[in-house]
Amino acid sequence: MRSIELHPQSIELKLTEEQHTKLLAWLSTAVEDALGAKSRQDALHTDFLRMYEAVPKNPTQYEDFLAGYEAVEVPLGAISTDSIYAQVLDLIFTISPLVTCRGQDARYVSHAKALQRFANFLPAEMKLREAAEHTLFDVCQLGTGCYYIPFRETTLKTSGFLVTERGPVVLSIPPEDIIVFGGSYQSLNEQPLFGFRLWYTESEMQGHAKFRKWDISKAKPAASTDAVRHRREVFAMSSSEPSTSQVQRYETFELYVQYDVDEDGHAEDLLINYDRTGKTICRVRYKPYESTPARVARYQIRPHMFFGMGVMEMTQTFQREVTDLHNHQNINVMLANVRMWAIQRGAAPDSGTLEVFPGRAVPLSDPANDIRELRMGDIYPSLPATQAMVISLAERRVGINDMSMPRPSQVIGSRTPGITTMSMLQQVNKRFTPAFDQMREATGGCVIEGISRYSERIQNGDMAVESYLQELLGPEDAKLVIEILSKPNFLQRVTVELTASSASINREADRQNAIMLVNLLGQYYEKTLQLVQLASNPQVAAPVRDAAQKIAAAAGEVIERTIRTFDQVRDPQTFVVNISEEIDAAGQQANQEGMLGLLAAMSGAGGAGSGPAENTSAAFS
């Protein structure tokens, strides 16, 4: 299997030798500066990985207290990370459909429905769940996670070439492989340098040279892997050294750069493939995307900084303290259970060792004075209470309530009203809301990026993509999807967002909101129909019809503002009925029916043989 990223077509950048030399010199310095700026963070991440795997930092640090005792690491951060990570996956991936498409106005409702069918297939096709499991864990554990969403073509070569997969794919980029300038802000598109490290084999480099026009003549294999990657392998396998492989890897970077190549005062947006070991540019071209095809999420933001703070960093101090307390408690228990014996000289057996076991009778001439018990320590009951206090502080810092804080079922009584229960549950989840919003927007953004990849291929005239959509959706829905994606800025016409809209959402609450909305609209439609019936009555005066028309317009405005508050609705105009034309038509019809009734009455009176005066008085009586 061979997988190649296919970026959209863009104008190839032709550099003079002088421009190429200056760009390479700037790029080499920029990459090394960016990697150097995050060296301290990489060291912290290495320690956080050790803490999560519960590997003691110094196993023999308590030798002075008790010989042979090996230190135990209390995985306090791991407990918190696992709890929050499970909540995130449950909130995002147990709601169906995963993403929701809604038209921005009534013109695009049919397009949104067709795009919804396509979006239902897209997460599985893009392998979103597989990438999200790694990225969301990075966010919870280390504070920062990154998705990369290219358009990839996978081929299988046996006796010939066979394209097995073709479309956007979501890749999870480890935090240690993200590269930005030190002190960078959080927005990706405003970064003068953003990219990520990719480790390619010799065969993969040859594939890039053939299919992506890379110049690999000066590329060199890397001597070793990254330090954080090295420690990941060590901690994961619980061994002293990482797995050794004879396969050579190339340390390459896919970089989105803002650099003034032609020195005209305006920086060009470039996409550069750079080999760090060989210090060579494999390919440089104009940036083929309107926005960088990546999404980044943080657990807890650091204001005005790119990388965030994760659960392991929040609990680092508390884990260190609980670990020390727990080890001292273990040593205290062991010492308290150990006994030494003070005996007179000559009272012990010839071996000098007194063996003790249940039922052992030791003959002594004066037991009260020949042997006496010596205690090495007493058990201190304050240690467990101190550990519980530190754990409680750690939970408050992270925002979970799984260990020492009471569960909602212990706080909420069995006879508490439902609205009060929902409010209390939302209060419990409020601390988790900012982190969830970051992960929700990044994960939902992956689907938007995937649709954007198809939009780019359609705009570039890729007929294979159009044929795939017709086969998947059918001719009618495919036509609507192609029509909406062939236009730039399709998100201004159709919104695509993750169905899980908040940390406290659940299916039952969503269903109750939908039922409430249906009841509200049902009453509105019933009253609207009554206004039209009122206007169509020939006996209703014109001022009453005018008042009915004003009431209908005001009611429509109220309904539109009300249903905007529902998370399920993004196109309220679709549900509001404008009956101005119907009321006018009903009024005209009522007038015509009144005139016809008047003429019929006059005609009937004249046929009875009465005089003119009698006919007139009969018609208007």
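Note that the structure is predicted; figures quoted are calculated from it, not measured. Sequence order as written defines the numbering, with residues in each chain counted from 1. Local features are withheld for residues below a pLDDT of 70 in this predicted model, meaning they are given only at 70 or higher, and side-chain atom pairs are given and counted only at 80 or more; totals for whole chains, interfaces and linings count all residues. With hydrogens and water set aside, each side-chain value is computed from the structure's full complement of heavy atoms.

Concerning the side chain of Ser-455
Consideration 1: Here Ser-455 shows up in helix α14 (residues 433–459).
Consideration 2: In protein, a polar contact requires one atom able to donate a hydrogen and another able to accept it; more generally it is a pair of N or O atoms within 3.5 Å, and residues adjacent in sequence count only if both atoms are side-chain atoms. In this structure the side chain of Ser-455 is engaged in a polar contact, spanning 2.6 Å, whose partner is the backbone oxygen of Leu-485.
Consideration 3: Here, residues are in contact when the closest pair of their heavy atoms is within 4.5 Å. Once you skip the residues sitting within four places of it in the chain, Ser-455 turns out to touch Leu-485, Lys-487 and Phe-490. Under the DSSP-based scheme used, a helix requires at least four consecutive residues in state H or I and a strand at least two consecutive residues in state E, with every element numbered from the N terminus.

Notes on the packing of helix α9 (residues 316–336) against helix α11 (residues 382–398)
Consideration 1: Geometry is summarised by axes, namely lines fitted to C-alpha atoms with helices restricted to the contacting stretch, and by angles between N-to-C directions that run from 0 to 180 degrees. α11 packs onto α9 with a crossing angle of 165° between their chain directions and a minimal axis gap of 10 Å. The orientation of α9 relative to α11 falls into the category roughly antiparallel. When the axes of α9 and α11 are compared, the crossing they make is left-handed. Contacts between α9 and α11 involve Phe-318, Glu-321, Val-322, Leu-325, His-326, His-328 and Gln-329 from the former and Leu-383, Pro-384, Thr-386, Gln-387, Val-390, Ile-391, Leu-393, Ala-394 and Arg-397 from the latter.
Consideration 2: The residue makeup of the contact of α9 with α11, split by class, is nine nonpolar, five polar and two charged. What sets the label is the angle itself: under 35 degrees gives roughly parallel, over 145 gives roughly antiparallel, 65 to 115 gives roughly perpendicular, and the rest give oblique. Take the far helix as your reference; a near helix turned counterclockwise from it by less than a right angle gives a left-handed crossing, and one turned clockwise gives a right-handed crossing. In the scheme used here, Gly and all other residues not listed as nonpolar or charged are polar, with Ala, Val, Leu, Ile, Met, Phe, Trp, Tyr, Cys and Pro taken as nonpolar and Asp, Glu, Lys and Arg as charged.

Structural notes on the nonpolar core
Consideration 1: Only buried Ala, Val, Leu, Ile, Met, Phe, Trp, Tyr and Cys residues count toward a nonpolar core, and they belong to the same one when joined by side-chain atoms within 4.5 Å. Throughout this description, buried means an accessible area under 20% of the type-specific maximum (1.4 Å probe, protein chains only), exposed means over 50%, and partly exposed covers the range between. By size, the foremost hydrophobic cluster in this structure holds 66 residues, and its most contacted members are Ile-84, Leu-115, Leu-136, Tyr-147, Tyr-299, Met-439 and Leu-485.
Consideration 2: With ten residues, the top contributor of residues to this core is α14.
Consideration 3: With residues up to four places along the chain from it excluded, the contact list for Leu-115 reads Cys-101, Ile-451, Val-481, Leu-485, Val-494 and Val-496.
Consideration 4: Grouped together as the second largest cluster of nonpolar side chains are 25 residues, Tyr-148, Leu-198, Trp-214 and Phe-307 included.

A closer look at the state of the cysteines
Consideration 1: Note on disulfides: each one is a pair of cysteine sulfur atoms within 2.5 Å. If you walk through the whole model with that rule in mind, you get zero disulfides.
Consideration 2: No disulfide involves Cys-446; its sulfur sits 9.0 Å from the nearest other cysteine sulfur, which is in Cys-146.
Consideration 3: Of the residues examined, Cys-446 reaches a relative accessible area of 0% and is grouped as buried.

Observations concerning the sheet that holds strand β12 (residues 294–298)
Consideration 1: One requirement defines pairing of two strands: DSSP has to find at least two bridges between them. Ordered in space as β6-β3-β12, the three strands form an open sheet in which the pairing is antiparallel. The outermost strands of the open sheet, each flanked by one partner alone, are β6 (171–173) and β12. The average angle at which neighbouring strand axes cross in this sheet is 25°, direction not considered.
Consideration 2: Two strands pair when backbone bridges link them, and strand β3 (residues 144–148) and β12 are joined in this way by five bridges, in the antiparallel orientation. The residue bridging Thr-144 from the neighbouring strand is Arg-298, located in β12.
Consideration 3: Against the sheet, helix α5 (residues 128–142) makes contact with β3, β6 and β12, and its axis sits at roughly 155° relative to β3, the strand it touches most.
Consideration 4: Where α14 meets the sheet, its contacts fall on β3 and β12, and the angle it forms with β12 comes to roughly 170°.

Topic: the packing of helix α4 (residues 109–125) against helix α15 (residues 463–473)
Consideration 1: One can describe the packing of α4 onto α15 by two numbers: an axis separation of 11 Å at closest approach and a directional angle of 105°. Classified by the angle their axes make, α4 and α15 are roughly perpendicular. Contacts between α4 and α15 involve Ala-114, Arg-117, Phe-118, Phe-121 and Glu-125 from the former and Tyr-468, Leu-469, Leu-472 and Leu-473 from the latter.
Consideration 2: Broken down by class, the residue content of the contact of α4 with α15 amounts to seven nonpolar, no polar and two charged.

Notes on the environment of Leu-66
Consideration 1: With respect to the helices, strands and loops of the structure, Leu-66 is situated in the loop between α2 (39–52) and α3 (76–93).
Consideration 2: In sequence terms Leu-66 and Ile-331 are 265 residues apart; their C-alpha atoms lie 6.9 Å from each other.
Consideration 3: In contact with Leu-66, other than residues within four places in its own chain, are Ile-331, Met-334 and Leu-335.

Observations regarding the confidence of the model for the chain
Consideration 1: Confidence scores per residue from the predictor, reported as pLDDT, run from 0 to 100. Considering every residue of the chain, the mean pLDDT works out to 79; 79% of them sit at 70 or more.
Consideration 2: Taken element by element, the chain is modelled with least confidence in helix α20 (residues 612–620), mean pLDDT 41, and with most confidence in β3, mean pLDDT 94.
Consideration 3: Note that pLDDT drops below 50 for residues 418–428; the model gives that stretch ten contacts with residues more than four away or on any other chain.
Consideration 4: The model gives residues 607–621 a pLDDT under 50, and that stretch makes seven contacts with residues more than four places away or in other chains.

Remarks on the sheet that holds strand β8 (residues 193–200)
In any sheet, the strands associate via hydrogen bonds between backbone groups, in a parallel or an antiparallel arrangement.
Consideration 1: On the basis of which strands lie adjacent, the open sheet formed by five strands has the order β7-β8-β9-β10-β11 and antiparallel pairing. The open sheet has two free edges, formed respectively by β7 (178–180) and β11 (280–286), since each of these has just one partner strand. Across the sheet, the mean angle from the axis of one strand to that of its neighbour is 20°, orientation sign disregarded.
Consideration 2: Across the sheet, helix α1 (residues 17–37) is in contact with β7, β8, β9 (250–259), β10 (268–275) and β11; its angle to β9 comes to roughly 110°.
Consideration 3: Docked against the sheet, helix α6 (residues 202–211) engages β8 and β9, running at close to 125° with respect to β8.

Considerations on the pattern of salt bridges
Consideration 1: The term salt bridge refers to a side-chain nitrogen of Lys or Arg lying within 4 Å of a carboxyl oxygen of Asp or Glu. As enumerated under the stated definition, the model contains 19 salt bridges in all.
Consideration 2: Among the salt bridges present, the one from Glu-32 reaches Arg-276, with a minimum N-O distance of 3.0 Å. Here Arg-276 lies in the loop between β10 and β11 and Glu-32 lies in helix α1, a separation of 244 residues in the sequence.
Consideration 3: Where Glu-251 meets Arg-197, a salt bridge forms, and the shortest distance between an N and an O atom there is 2.8 Å. A residue pair is termed long-range when its members are at least 10 positions apart, and Glu-251 in strand β9 and Arg-197 in strand β8 qualify at 54 residues. For the pair Glu-251 and Arg-197, one class covers both residues: buried.
Consideration 4: Residues joined by salt bridges that share partners form a network here, namely Glu-32, Asp-177, Arg-197, Glu-251 and Arg-276.

Considering the pairing of β11
Consideration 1: Counting buried positions over the seven residues of β11 gives six, a clear majority of the element.
Consideration 2: Here six bridges tie β10 to β11, and the two strands are oriented antiparallel to one another. Within the sheet, the bridge partner assigned to Leu-270 lies in β11 and is Tyr-286.
Consideration 3: The antiparallel pairing of β10 with β11 creates a hairpin that spans four residues between the two strands, and Lys-279 there sits at a positive phi of about 50°.

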